[in-house]
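Summary of structural features
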Amino acid sequence: MGEVDVLQLATAVAVVLLAIAWYLSYAAARLDRLHAKVEGAMAALDGQLIRRAETALELAMSDELDPSSALIVADAATSALERHTVSLTGADPLDGVTFAGREVVESDLTEAIVAAVTPEVRTAIGEADGPGWDALERLDAAVVRVQMARRFHNDAVRDVRRVRNKLVVRVFRLAGHAAMPAAVEFVDDVPGVTS
Amino acid sequence: MKRLRIGIVCPYSFDVPGGVQFHVRDLAEHFIAAGHGVNVLAPADDDDDALPPYFTSVGRAVPIRYNGSVARLTFGPVTANRVGKWIERGGFDVLHLHEPVTPSASVMALWAVTDQPVVATFHTATVRSRALHTFHPMLRPSLEKIRARIAVSEDARATVRRHLRADAYVIPNGVHVAKFADASRDERFTGTPATPTIAFLGRVDEPRKGLAVLLRALPLVLRRHPGARLLVAGPGDCSDLVDDLDPDVAAHVTVLGGVSESDKAALLHSVDLYIAPHLGGESFGIVLVEAMAAGAPVVAADLPAFLRVLGDPPTGVTFPVSDHEALAERIGHLLADPQQRRALAAAAQERALRFDWESVAERIMAVYELAMSGAELEPDRLPQAETLWGRLVRSGRSLEES
C-alpha cells in the first residue's frame, strides 16, 4: 500500500463521515420543523376550543334557549374554559405540550351542544332573529373550526410519529428530549353543522 | 376582515375546461369579490388574451401520458424556476395548491415553498399511481410542508388516507345555487298533472350514468301515468337505447342533446321530477346539487355519494342501484303526490345552500386561517440556523427542496 492509497482512503472516509453528519443534521432539522408544526397546530386547536366554549356560553346567556338547556350548555362550556393545554416545561417550547386530559370536557361540550341545539331549537332561534341567531352562527363557525383544527393537528402528529419511528432517528436520538406528540381524540361531530 | 394575499396553484392547463380548473376559477373569483388579493398560477399558452387578469402562466402545458390517461401537464427546469419566482414575488399570506401529487405546477410549488403556510386540496378519487408509490419517500419531506389538507369528497379523502397515509377535511365543490334557484320556468319542460315531466341529465352514452335503468323503468311508469314525458338532456348518442324501446314508449321520450347552462337550469327548475339513476363511480354528484338548488324533487340511486349529498333525513327519494322496478315505483308514487314533491323540493333547496360557493368558500377561508394561525403560533425555530453549521444544514435542506 503506497502513501497515496492511505490519503485516498482517508479522504473517502472523511467524505462518508461528513455525508453522514450532514444527513443526521438534516434529519434533526426536519424533525424539528415537524415538531414545530405540531406545536403550532395544537396552539391553533387550543384557540378554536376556547372560541367554541366562549360562543357556547354566549348562546346559553342569550335567553333563546330554555333555562334547563342553557344551564347544561353553560356548565359544559365553563368546564371547558377552566382547562387549557399545559406546557410540560416552560423553558423550551419544543419540549411539547399535552392536551392534559381535556378530551372528556370537550366531548361533553359537544354533546351538550348537540343535545340543546336541536333542529327545532335552531329553527326557533332563526325565526326569533334576535341576538341568539348571531351567537348561534358564531358557535356553528367555531364548531366547524374545532373539527378542522383537530384533524390538521392529528395529521401533523402522524408526520412526526412516522419520522420518529425511523431507525436512524431512534439510534441517534435525533428527537432529543421532545415528548412524543399524541393525537387528540374527542367527539367533535355536531350533525347538521359538521356534516 | 383582514385582506389576504392568496396564491393558488392549479396543475392543469387553464385554457382547457375541466373540473379542477372551474373550481380554482370560481374560488379565485369569489375571494377577489370578497376583497382579497388572489393570484392563480397554472399552465396556459402565454399569448392567450382570454385569460383572467389574476392569472399567471407557468408556461405551456404538454399533453403527456401519466397514470393511465393523457393529461396536459407542465414540468422541466424552466417551469420550476418560474414557480419559484412566482412564490418569491407574490408575497402570499397563504398558498393553496390543488392536486399536489400530480406532476405539474403544484408539486413544484410544494417543492419550492419555504415560509408560507401551505393548504392542499385533493380532487381525484382514484390515484392508483405506481409512480407515486415509488417516489413517495422522495416527496415526503415536501408533503410535510402541508399544514391543512382538503378533500372535495369522502372518496377523495379515502384516497388521501390510503395512498398518502394522511387525513383530510372534506369540503365539497361549490355550486352557484342562485343561478339554479333563480332560473325561470320554461314551457318546453313544464308538465301538467296529466302529462308530468321527468328529467335525466348527463352523458347519455356513458353506461354508469344509468340512462338504461331509467328507460327500463319508463314502461312501468307509463302504466300508472300514461301521459308522463321523459326529457333526456346531455351530450352523446343514445339512439340505440331509444330504438330498443317499444315505439309506444319511445314516443314519450324527448332527446334534447347537449344543453346550455341556462337551459339546464331552466330544465331542472321546470320539471316535476329529476332522476339520478347512476350506477356508481360518482364521488360527489354535482348535478344532484344543481337539481336540488333548482327546486326539482329528486329520485336518486342510493350511492354513498348521493346519500351524503341528500343528507339525513334525506331531502330526496332513493332506490336501490340499478333496480328499475323500485325506481318505477318511486316515480309513480311521487308523480301522484304533488304535496310530497313540494315538501321534498323545499327541503332540498334548503340543503343545497350547504354546497353554495358562499358556504364552501367560507369553510376554505377557515382552513386558510387555521393554517396561518398554526404557522404564527409555532415556537421560534432554534437559533442553530444562524451558525455556520446551521447554515450548512439549511443550505443542504434548501438544495434538497429547490
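Here is what the cut-offs are and how they apply
Residues numbered from 1 in each chain as written. Chains lettered and ligands numbered in written order. Predicted model: local features only at pLDDT ≥ 70, side-chain atom pairs only at ≥ 80, totals over all residues. Buried ≥ 20, exposed ≤ 12 C-beta atoms within 10 Å, placed from the backbone. Helix = DSSP H or I, 4+ residues; strand = E, 2+ residues; numbered from the N terminus. Core = buried A, V, L, I, M, F, W, Y, C linked by C-beta atoms within 7 Å. Domains from an automatic or database assignment. Contact = placed C-beta atoms within 7 Å. Nonpolar A, V, L, I, M, F, W, Y, C, P; charged D, E, K, R; others polar. pLDDT = per-residue confidence, 0-100.

All names here are of chain B. The buried fraction of helix α11 (residues 286-294) amounts to 8 of the 9 residues, a majority that puts the element mostly inside the structure. Where α11 is concerned, the buried positions are Val287, Leu288, Val289, Glu290, Ala291, Met292, Ala293 and Ala294. Directly after α11, the chain includes Gly295, whose backbone phi takes a positive value near 90°.

All names here are of chain B. Ranked by size, the top nonpolar core spans 166 residues in total, and within it Ala109, Ala199 and Val367 carry the most contacts. The residues that make up this core include at least three from each of domain 1 (5-174 + 357-391) and domain 2 (177-355). Every residue in contact with Ala109, bar those within four places of it in the chain, is listed here: Val9, Val83, Ile87, Leu95 and Leu97.

Here we take up the interface of chain A and chain B. Between chain A and chain B, the contact holds 27 residues from the first and 23 residues from the second. Elements with a contribution of two residues or more to the side of chain A that touches chain B: α1 (3-61) and α5 (131-164) of chain A. In terms of residue count, α1 of chain A provides more of the side of chain A that touches chain B than any other element does, 15 residues in total. Grouping the constituent residues of the side of chain A that touches chain B by class yields 14 nonpolar, 4 polar and 9 charged.

Averaged over all residues, the pLDDT of chain A is 86; the fraction at 70 or higher stands at 90%. Predicted confidence is poor over residues 88-96 of chain A, with pLDDT under 50, and the contacts of this stretch with residues over four places away or in other chains come to 18 contacts.

Next up on the list: the domain arrangement of chain B. Residues and elements named next belong to chain B. Domain boundaries in chain B define domain 1 (5-174 + 357-391) and domain 2 (177-355). Contacts between domain 1 and domain 2 engage 11 residues on the former and 8 residues on the latter. Listed by contribution, the elements that provide at least two residues to the side of domain 1 that touches domain 2 are α5 (154-164) and α15 (357-376). Per-element tally for the side of domain 1 that touches domain 2: the top contributor is α5, with 3 residues. Looking at the side of domain 1 that touches domain 2 residue by residue, the classes come out as 5 nonpolar, 4 polar and 2 charged.

As a further point, take unusual backbone geometry. Cis peptide bonds are those with omega within 30 degrees of zero, and the linkage from Asp312 of chain B to Pro313 of chain B qualifies with 0°. Note that Pro313 of chain B resides in the loop between α12 (304-310) and β15 (317-319). In the Ramachandran plot, Arg173 of chain A falls in the positive-phi region, its phi being about 50° despite a non-glycine side chain.

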